[in-house]
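Listed here are the chains, written in short residue letters.
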Amino acid sequence: MKKLIYSFLLIFIVGLSVNTVSAATVKDKVEMTTEQKVQLERITNRVEEIKAMDKSNLSRAEKKELRKELRTMKKEARAIGGGVYLSVGAIIIIILLLILIL
């Protein structure tokens, strides 16, 4: 009996995960304002400058500062793009919590 319940539960979870993966690939395009486009272009240009930079003669502190700058620019770019991102692990945990609650 337990094997039957576990197999139905496994089929249910796999079925839900397939649907969430296919739903996650379809995105609605959101138009950006001109200010957001300019800011995104500025971030892109700065990232290209950093990539083209010769980092071999930089000190350790300067490299660390560049990494921090890249992280903040990445966060800004994600905020401009909008959207909510859920990992597969988070989706599975949410599904398991729902199953336990219901």
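In this numbering scheme, every chain counts its residues from 1 along its sequence in written order. Totals for whole chains, interfaces and linings use all residues, but because this is a predicted model, local features are given only for residues with pLDDT of at least 70 and pairs of side-chain atoms are given and counted only at 80 or more. Where side-chain values are given, they derive from all heavy atoms of the structure, hydrogens and water being excluded.

Caption draft 1: Representation of the overall build of the protein chain within the structure. Under the DSSP-based scheme used, a helix requires at least four consecutive residues in state H or I and a strand at least two consecutive residues in state E, with every element numbered from the N terminus. On a plain count of helices and strands, the protein chain comes out with four helices and zero strands. Tracing the protein chain from N to C terminus, the helices and strands come up as α-α-α-α. Sequence separation of 24 or more characterises 62% of the internal contacts of the protein chain that already satisfy a separation of 6 or more. Using a 1.4 Å probe, the Shrake-Rupley method yields the accessible areas, and only the shown protein chains count as cover for residues. With an accessible surface of roughly 9,100 Å², the protein chain has 64% of that area assigned to carbon and sulfur atoms. Any pair of residues with heavy atoms lying within 4.5 Å of one another is described as a contacting pair.

Caption draft 2: View of the nonpolar core. By size, the foremost hydrophobic cluster in this structure holds five residues: Ile43, Ile50, Leu66, Met73 and Ile80. Looking at this core, the elements with two or more residues in it are α2 (34-52) and α3 (60-81). No other element matches the three residues that α3 contributes to this core. Aside from chain neighbours lying at most four places away, what touches Leu66 is Arg46, Ile50, Met53 and Leu58. Here, nonpolar core means buried Ala, Val, Leu, Ile, Met, Phe, Trp, Tyr and Cys residues that are tied together by side-chain atoms lying within 4.5 Å of each other. A simple rule labels every residue: compare its accessible area, found with a 1.4 Å probe on the protein chains alone, to the largest value its type can have, and call it buried under 20%, exposed over 50%, or partly exposed in between.

Caption draft 3: Just the pattern of salt bridges, in detail. Criterion for a salt bridge: a side-chain nitrogen of Lys or Arg within 4 Å of a carboxyl oxygen of Asp or Glu. Applying the stated criterion to the full structure yields three salt bridges. Taking the shortest distance from any N to any O, the salt bridge between Glu49 and Arg46 comes out at 3.1 Å. Residue Glu49 and its partner Arg46 are located together in helix α2, separated by three residues, close to a single helical turn. When the shortest N-O distance is used, the salt bridge between Arg46 and Glu69 registers 2.8 Å.

Caption draft 4: Inspection of α3 at higher detail. Multiply 1.5 Å by the residue count of a helix minus one, and that product is the helix's expected span. Look at α3: 32 Å from first C-alpha to last across 22 residues, which is about the 32 Å you get at 1.5 Å a residue. Leu66, Met73 and Ile80 are the residues of α3 that are buried. Within α3, the buried residues cover an arc of 45° as seen down the axis, which keeps them to one side. Turned more than 90 degrees off the buried face of α3, the exposed positions are Arg60, Ala61, Lys75, Arg78 and Ala79. Arc, as used here, means the arc of the directions from the helix axis to the C-beta atoms.

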